[in-house]
Amino acid sequence: MQLPSEREHLFRPKRRPIISTFSAVLLGLIFVAGMVLSSILNGEIEPVSFTTPTPTRAASSYVSEGEALFQAGGLERSIDAYQDALDVDPENVAALVELARLETYYAALNTEETSLELLVRARGNIDRAIEIDDLSSDAHAVRAFVYDWSASWAQTVEEREEYLAVASQAAVRATQLDANNALAFAYRAEVLGDQFNISQANDLIDLALEIDPNNMDVHRIKGNLLEAQGFYSAAIDEYRQAAEFMPNYTYLYLKIGQNYRQLQLYDQALEYFDRAATINRTIGINDPLPYVAIAKTYTQ
């Protein structure tokens, strides 16, 4: 056996013990960790935070929420829900259509200034819906509704006629796109009634009732046409049927009260005006109209 010579031993690199090296590294890491912790505690270094990602709600979820709130009479909160849906999906035609419809309904329960603002928004939303989908019968039907009600707040005769012309064109287009769309025929009947074409309006609202007898707007518009012809008792019956589908939409109770007042049945009129005021207080709508109606009834 050949032993290494002293020369070979002198030039061979010496190995450090493994345990000694590991201990040095560990001590170094502990020292660095201590320095970092001290800096964090002293506010010199901001700790890294890992936030838990929150899932984004789908637009359909907000739409469902909006539908439920509308049924409960919470128009303002329902409008907010549909706006949330559009924040998620800006080109959601169904959400744009329903938002425009709700803004128009809500306009009937506010002061003139607020109503005008709501109708401006409603027209913008429904026009946007048609830009996205010109073949939507629902979009054209609601456009007829929005512009027809806008005509009631028109500032000039020319503006009123302009709104009614747009409403009429939209209503015709809606019925052409879908011959079974009850709302399209109902809104077209409403426009014709405001244009004093009562005979044709009666035919179309009866057709809408045949297609869908369980629709709030169909009965509301039927009641409106009967009221315009002086059939106040029959109008009350239609408004009552409409209220069965939308029990917290106080516009309907105001209409019932107004027709009772026409019949000089003042106690019944006051009952429905008071019901409208009570519902508004319950659901947080600041609508002065029930109180105005009550005061007017007492003066009569």
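Please read these numbers as outputs of a predicted model, since none were measured by experiment. (Residues numbered from 1 in each chain as written. Predicted model: local features only at pLDDT ≥ 70, side-chain atom pairs only at ≥ 80, totals over all residues. Heavy atoms only, no water.)

Caption draft 1: Inspection of the nonpolar core at higher detail. Of all hydrophobic cores here, the largest spans 84 residues; its most connected members are Leu75, Tyr105, Ile126, Tyr187, Ile205, Tyr249 and Leu252. Take this core: its biggest share by element is 10 residues, from helix α5 (residues 93-107). Not counting the four nearest positions on each side in its chain, Tyr105 is found in contact with Phe70, Leu75, Phe145, Trp149, Tyr187, Met216, Asp217 and Tyr249. (Core = buried A, V, L, I, M, F, W, Y, C linked by side-chain atoms within 4.5 Å. Buried < 20%, exposed > 50% of the residue type's maximum accessible area, 1.4 Å probe, protein only. Helix = DSSP H or I, 4+ residues; strand = E, 2+ residues; numbered from the N terminus. Contact = heavy atoms within 4.5 Å.)

Caption draft 2: Local environment of the pattern of salt bridges. Overall, the coordinates contain 12 salt bridges when judged by the stated rule. In this structure, the salt-bridge partner of Asp134 is Arg173, at a minimum N-O distance of 3.4 Å. Residue Asp134 is found in the loop between α6 (112-132) and α7 (137-152), and its partner Arg173 is found in helix α8 (residues 157-177); the two are separated by 39 residues along the sequence. We classify Asp134 as partly exposed; its relative accessible area is 39%. A cluster of three or more residues bridged by salt bridges with shared partners is formed by Glu98, Arg101, Glu190, Asp217 and Arg220. (Salt bridge = Lys/Arg side-chain N within 4 Å of Asp/Glu carboxyl O.)

Caption draft 3: Fine view of the packing of helix α10 (residues 198-211) against helix α11 (residues 216-228). The contact between α10 and α11 brings their axes to 10 Å, and the two run at 155°. When the interaxial angle is binned, α10 and α11 end up roughly antiparallel. Remark: the crossing between α10 and α11 carries left-handed chirality. Residues Ile198, Ala201, Asn202, Ile205, Asp206, Ala208 and Leu209 of α10 form the contact with α11, whose participating residues are Val218, His219, Ile221, Lys222 and Leu225. Residues of the contact of α10 with α11, tallied by class, amount to eight nonpolar, two polar and two charged. (Axes fitted to C-alpha atoms, helices over the stretch in contact; angles between N-to-C directions. Parallel < 35°, antiparallel > 145°, perpendicular 65-115°, else oblique. Left-handed = near helix turned anticlockwise from the far one by under 90°. Nonpolar A, V, L, I, M, F, W, Y, C, P; charged D, E, K, R; others polar.)

Caption draft 4: Quick look at the packing of helix α12 (residues 232-245) against helix α13 (residues 250-262). Where α12 meets α13, the axes come as close as 9 Å, and the angle between the chain directions of the two elements is 165°. Taken together, α12 and α13 sit at an angle that is classed as roughly antiparallel. In this structure, α12 crosses over α13, and the sense of that crossing is left-handed. On α13, the residues touching Tyr232, Ala235, Ile236, Tyr239, Arg240, Ala242 and Ala243 of α12 are Leu252, Tyr253, Lys255, Ile256, Asn259, Tyr260 and Gln262. Residue composition of the contact of α12 with α13, by class: 10 nonpolar, two polar and two charged.

Caption draft 5: Fine view of the layout of surface pockets. In this model, the largest pocket occupies a volume close to 600 Å³. Contributing to the lining of the largest pocket are 26 residues, with Ser152, Trp153, Tyr251, Lys255 and Gln258 lying nearest its centre. Going through the elements one at a time, α7, α9 (182-194), α11, α13 and α15 (289-299) are the ones with two or more residues in the lining of the largest pocket. Ranked by residue count, the leading element in the lining of the largest pocket is α13, at five residues. Residue classes in the lining of the largest pocket are distributed as 13 nonpolar, five polar and eight charged. Taken as a whole, the second largest pocket encloses approximately 180 Å³ of empty space. (1 Å grid on protein atoms, 1.4 Å probe; cavity = no way out; pocket = protein on both sides within 12 Å on 5 of 7 lines; lining within 4 Å. Points joined across faces, edges and corners; volume = space filled by probe spheres on them.)

Caption draft 6: Highlighting the side chain of Ser78. Residue placement: Ser78 occurs in helix α4 (residues 75-88). If we ignore the near neighbours within four places in the chain, the residues touching Ser78 are Gly66, Leu69, Phe70 and Leu102.

Caption draft 7: Expanded view of a negative patch on the surface. Judged by side-chain charge, Glu76, Asp80, Asp84 and Asp87 come together as a negatively charged surface patch. Along the polypeptide, Asp87 turns up in helix α4. Residue Asp87 is classed as exposed on the basis of its relative accessible area of 56%. (Patch = residues over 30% accessible without salt bridge, like charges linked within 9 Å, V, L, I, M, F, W, Y side chains within 5 Å. Areas by Shrake-Rupley, 256 points an atom, 1.4 Å probe, with all protein chains shown as cover. Lys, Arg positive; Asp, Glu negative; His and termini not counted. Charge placed at Lys NZ, Arg CZ, Asp CG, Glu CD.)

Caption draft 8: Structural detail: the side chain of Arg261. Within the secondary structure, Arg261 is located in helix α13. Buried charge without a partner: Arg261 forms no salt bridge, and the closest opposite charge is Glu227, 8.3 Å away. Separated by 3.2 Å, the side chain of Arg261 and the backbone oxygen of Ala293 make a polar contact. Within polar-contact distance, the side chain of Arg261 engages the side chain of Thr297 at 3.2 Å. Aside from chain neighbours lying at most four places away, what touches Arg261 is Tyr266, Ala269, Phe273, Ala293, Lys296, Thr297 and Gln300. (Polar contact = N/O pair within 3.5 Å; in protein donor to acceptor, adjacent residues only side chain to side chain.)

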